Each structure stands twice: as C-alpha cells, then as structure tokens.
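# Results of the structural survey
Chain by chain, the residues:
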Amino acid sequence: MSRQEVEAALARAGLDVPEREKPEIAAAAHFIEEMAARLRTDRKMGAEPAHVFPPPPEA
Amino acid sequence: MVPEFLTIAEAGALIGKRELSPVELVESRLARIEQIDGKLNSFIRLLGDQALAAARSAEAEIMAGHYRGPMHRIPIGLKDIYETRGVPTTGHSKVLLDQVPQRDATSVRRLAEAGAIVMGKLATHEFAFGGPSFDLPWPPARNPWDTSRFTGGSSSGTGAAVAAGLVLGGTGSDTGGSIRGPAAFCGLAGLKPSYGRISRAGILPLAFSLDHAGPMTWTAEDCAIMLQAMAGYDAADPASANRPVPDYRAALSSDVKGLKIGLVRQFYETDNPANEPTQRGVAGAVKVLEELGCSVRELRLSPLADWAACGIIIMLSEGYAIHEATLREKFVDYGEAFRDRMALATLITGGDYVQALRRRRELAAELAAAMADLDLVMTAAAPSEAPPIDAVGKFAIFERPSLTMPFNVCGTPAMSVCCGYTEESLPLAFQLAGRPFDEATVLKAAHAYERATPWRSIRPRFV
C-alpha cells in the first residue's frame, strides 16, 4: 500500500493526523496488509464467522 | 511491624488471628506507596483517606464478628479503566480526564461487597492499548525489578504495584495479553479467565469480543481468592456466562497427578522465538510439572501469526468503532501510540473483519479439538524478560506475533506463571491455558508449580 493510499484512507476517515506521523503510519501499513492476507484462506462459501446473533429466548 | 510483602492469603490469616489490624495494613501500604511509587508511577490516583476509612470500618466489623471472606480488609488497586462511582476513571487519557462515573463496574462492586479496600486507581496503557507513552497526563509505570525496564502492558500499573507490594492484588484487563504480559514481566500470577466469567460491565472497552477482566496477584492462590470475588453472571454484560462458579480455592488442594498437558513448543521456538533464558525457564517448568505427576506431550497448532492476525484485525476493528467519533473530533488529544496504532484500522475493510471472524471460528474449533484429550495447554508467556522501556516502539505490538493472543481469540482461561529469573533478576514466565470455564484446573496446576519451586519467595528489592 503506497503512502498516498494510506493518506487517502486517513483523510477519508476524517482523521486530522499530524504531518510528522503520516509517513510513520504509512510505513506500518504493511502489518495490516500481511495480517489481512493471512486471514484469506481457501474456505467454503458457507464457513460461518465466530459471531452470529443468537435469537432471543421465547418469552 | 507489618512485613514489606504479604500475599492476600497471608494477610487474611494474620488479620483472622488478630495479629494484624486492617488499619495497620492499609497504613503500611500507604507508607510504602509514599516511599516507593515516585519511582514506579503505578498509581495515577491515590485514595488514601477513603482506604483508611474503609479499613477502620473493616476493623469495627471484625470486632463485631462479621467476616465476609478472604478478600475482607485486603488492600487492592484498580486499573483505571474500571469505573468507580464518584472517582474519576480516565483510561489514563486526556480524552476522559474529567469523567466521573455514576456507578461502580460490576466487578468493583463485587470486590467491595467481598470487603476489599480500594487504595486507588492504577496506571494503564491509554485505553488499555496505547503505550508505553510519555505524552499522556501521567507517566508510564515502571518495572519494580529494574525501573529502566518495561512493565508490559496494558495493565502496567497493576503489574508494578502488586510486584512492589504496594497493594496485595489488583485488577487487570486482557484483550490480547494485557494481564499476562505485565504479570510475566513483573513476576506475578495473572489470570485471564474465560470470556464471560467476569462481567465487563462498567469497564472501558477496547474490543468487545476479546476483552476479559481478571485478577493480578503474587500467587495462584491469591488469584483464586480474587477470582472468587469477581466472577459470576451479570445481566448487565451481554456476554456474561450464566454458569455456576466453583470454589476455586478449594480446588487448589486436589492432586495434579495425571493431568495431561499439551506443550506448544512451536510458538516460542520458531513462530516467535524466545530467548535462551525464557526457553530454559519453560523447559524447567515442564520438568517440575512432570515430577509432580503431570504428563506433558508436544502439541502443534496453526502458526502463531494466524492467531495474532485474527486477534489484531478484530481488536483494531472493534476498538476503532468505539473511538471513531472522538478520533475524528480530537485526534491529537490521544497519545501518539494510541492514535497512530488505531489509525491503522482505517486500512481494514469490512471484508477483512469478517474473514477474521471466520478464522476465529476455525481456530477455536482447532483448539477445542486439540484439548479433547488434554487438561491444559502450556507455552511461553513472553519471548524474553522485560525489555528497556525506551526500546518499545510505537508499532511493536505488530512486529512479532503475540504468545498470549491465541487464548483471547478462543476465550479460554489462561494464566502467566513465574518460572524463574534471569541473571539480572528479571522475571521469566510460562502460560497455562485450560478448557473453557475450567479456571480451577489452571489455578491448581499453577499453585502446585509455585509450591514446588522457590520463585514466590523472591521479591524485588529497592535501594
């Protein structure tokens, strides 16, 4: 992810990040990319997430 | 003369025999805080008058023959994310500098009902996430074994205060290791119970589905005593488990012979390689547990980086949702470590978050299957002893996969247990994790290990 892409994401989020910190955040963006890629494995379409909403018990 | 260091169990016994008064005990801790805490910064708000009044009241109760249990008259500290009625609860942040809650967190109320005496509010990494930081309203806590060292985080003040004997126990919270990390670096027993065992109501959240509240003490026995007071169903927490709470202290006396332990060596040998003293400490702990009659066999799990990625993507996504509006309004009111780490959440997509949740289900199933014929899982608690505090970088939590995060992802109970010291007298630690809601077996094994080793008799020394 380029520095421009990171800065665009910060701006889209409406965060007023000091100029000095922007390149540091951009330099750390690869951690997120690597972690997100690691979570994309070959799983079945119906593989459920851990959080599902349980219906409330009958009154 | 009140001893410099006392465990909860020891203090309770002395008070029970009327060899120590609660007032003397609180006065001695206040004197110790006055003497030492300028070097440690563990307290951000001392409640000395309130603690003394509570001690006098406890003394009157004792004289009247009223005994509430083993937490009665015990001085403790609260991580400053636990809400306290009428007392500011800041998350160690400028953002909540003036917040004065109208109610106690459920666990604080339960500790008060058990008779614990709150000495004050303790330092934390900002909102249990950003630290160590030097740009917050209070300085970061320092490690009592060497004040140039990191306490671990985020329950940094609790780690320092308990290790230094300023309080006999304290509360922590653990979203990715924030109880077990400081416990490891400060030489404590720190228990992250099962998700749902202790109410999160009234505790400032970091990530709803990963946050756990728990006790930090000097011994496993003290953890059992404190957990007993804190645990139990609470309708105010939607994740609270409506399950019976066993007698944890009674469970300590049963035999550990025959317990089956899976040793996840891969986590600390290859996935996040621990240094030589840590590996030696864990190997020594394995030997002791085997001598006590446990059987230990190697267990392989998915790479540690998978567990860490899953946990961190969930933690950042949920944490960002909590702080989003305030980050937009006043980004620079947060400390730099908090705000810049949290800014990375803007790079996470909805798809990333749901993939993390799907991976979470797979990993939880993997651990449950692995534990089908095991009582406990064991691994290192940290890859080394405490590093210098100024060597901990802003993005350090992303650089190496956390050894503690797997048990947040799965919500299983896990505990940091001291397993010796380096040549520089810095603590080393291993982790024991149990099946969901089986804190009793974790505590029992930790207690047996502590009794078989000399480590609990060694305390930090102050010149």
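Residues numbered from 1 in each chain as written. Chains lettered and ligands numbered in written order. Predicted model: local features only at pLDDT ≥ 70, side-chain atom pairs only at ≥ 80, totals over all residues. Heavy atoms only, no water.

## What about the interface of chain A and chain B?
Counting residues at the interface gives 34 residues for chain A, matched by 40 residues for chain B. For the chain A and chain B pair, buried surface summed over both sides reaches about 3100 Å², with 64% attributable to carbon and sulfur atoms. The tally of links between chain A and chain B comes to six salt bridges. Secondary structure elements with two or more residues in the side of chain A that touches chain B: helix H1 (3-12) and helix H2 (22-38) of chain A. In terms of residues, the side of chain A that touches chain B owes the most to one element, H2 of chain A, which gives nine residues. Among the residues forming the side of chain A that touches chain B, the class breakdown is 21 nonpolar, three polar and 10 charged. (Contact = heavy atoms within 4.5 Å. Buried area = accessible area lost by both parts, 1.4 Å probe. Salt bridge = Lys/Arg side-chain N within 4 Å of Asp/Glu carboxyl O. Helix = DSSP H or I, 4+ residues; strand = E, 2+ residues; numbered from the N terminus. Nonpolar A, V, L, I, M, F, W, Y, C, P; charged D, E, K, R; others polar.)

## Describing the confidence of the model for chain B
Averaged over all residues, the pLDDT of chain B is 97; the fraction at 70 or higher stands at 100%. For this predicted complex, the interface score ipTM comes out at 0.96, alongside a pTM of 0.98. (pLDDT = per-residue confidence, 0-100.)

## A short note on the packing of aromatic side chains
All names here are of chain B. Taken as a whole and judged by the stated rule, the model has 11 aromatic pairs over all chains. Taken together, a centroid distance of 5.0 Å and an interplanar angle of 85 degrees make the contact between Phe-430 and Tyr-449 edge-to-face. Taken together, the residues Phe-430 in strand S11 (residues 427-434) and Tyr-449 in helix H16 (residues 439-452) connect sequence positions 19 residues apart. Side by side, Phe-430 and Tyr-449 carry an identical accessibility label, which is buried. Grouping aromatic residues by their ring pairs yields a cluster made of Phe-127, Phe-129, Tyr-334 and Phe-338. (Phe/Tyr/Trp six-rings, centres within 6.5 Å; stacked < 30°, edge-to-face > 60°. Buried < 20%, exposed > 50% of the residue type's maximum accessible area, 1.4 Å probe, protein only.)

## Regarding unusual backbone geometry
Across the chain, the bulk of peptide bonds are trans and the bulk of non-glycine residues have phi less than zero. Residue and element names in this part refer to chain B. Residue Gly-131 is joined to Pro-132 through a cis peptide bond whose omega torsion reads 0 degrees. On the secondary structure map, Pro-132 appears in the loop between strand S3 (117-122) and helix H5 (156-163). Cis geometry is found at the peptide bond from Gly-153 to Ser-154, where omega equals 15 degrees. Relative to the helices and strands, Ser-154 resides in the loop between S3 and H5. Despite not being glycine, Asn-41 has its phi angle at roughly 55 degrees, a positive value. With respect to the element layout, Asn-41 can be found in the loop between helix H2 (22-40) and strand S1 (43-46).

## Brief notes about the packing of helix H10 (residues 276-291) of chain B against H16 of chain B
Residue and element names in this part refer to chain B. One can describe the packing of H10 onto H16 by two numbers: an axis separation of 10 Å at closest approach and a directional angle of 100 degrees. The orientation of H10 relative to H16 falls into the category roughly perpendicular. In contact with Ala-285, Val-288 and Leu-289 of H10, H16 contributes Ala-445, Tyr-449 and Ala-452. When the residues that make up the contact of H10 with H16 are grouped by side-chain class, the tally is six nonpolar, no polar and no charged. (Axes fitted to C-alpha atoms, helices over the stretch in contact; angles between N-to-C directions. Parallel < 35°, antiparallel > 145°, perpendicular 65-115°, else oblique.)

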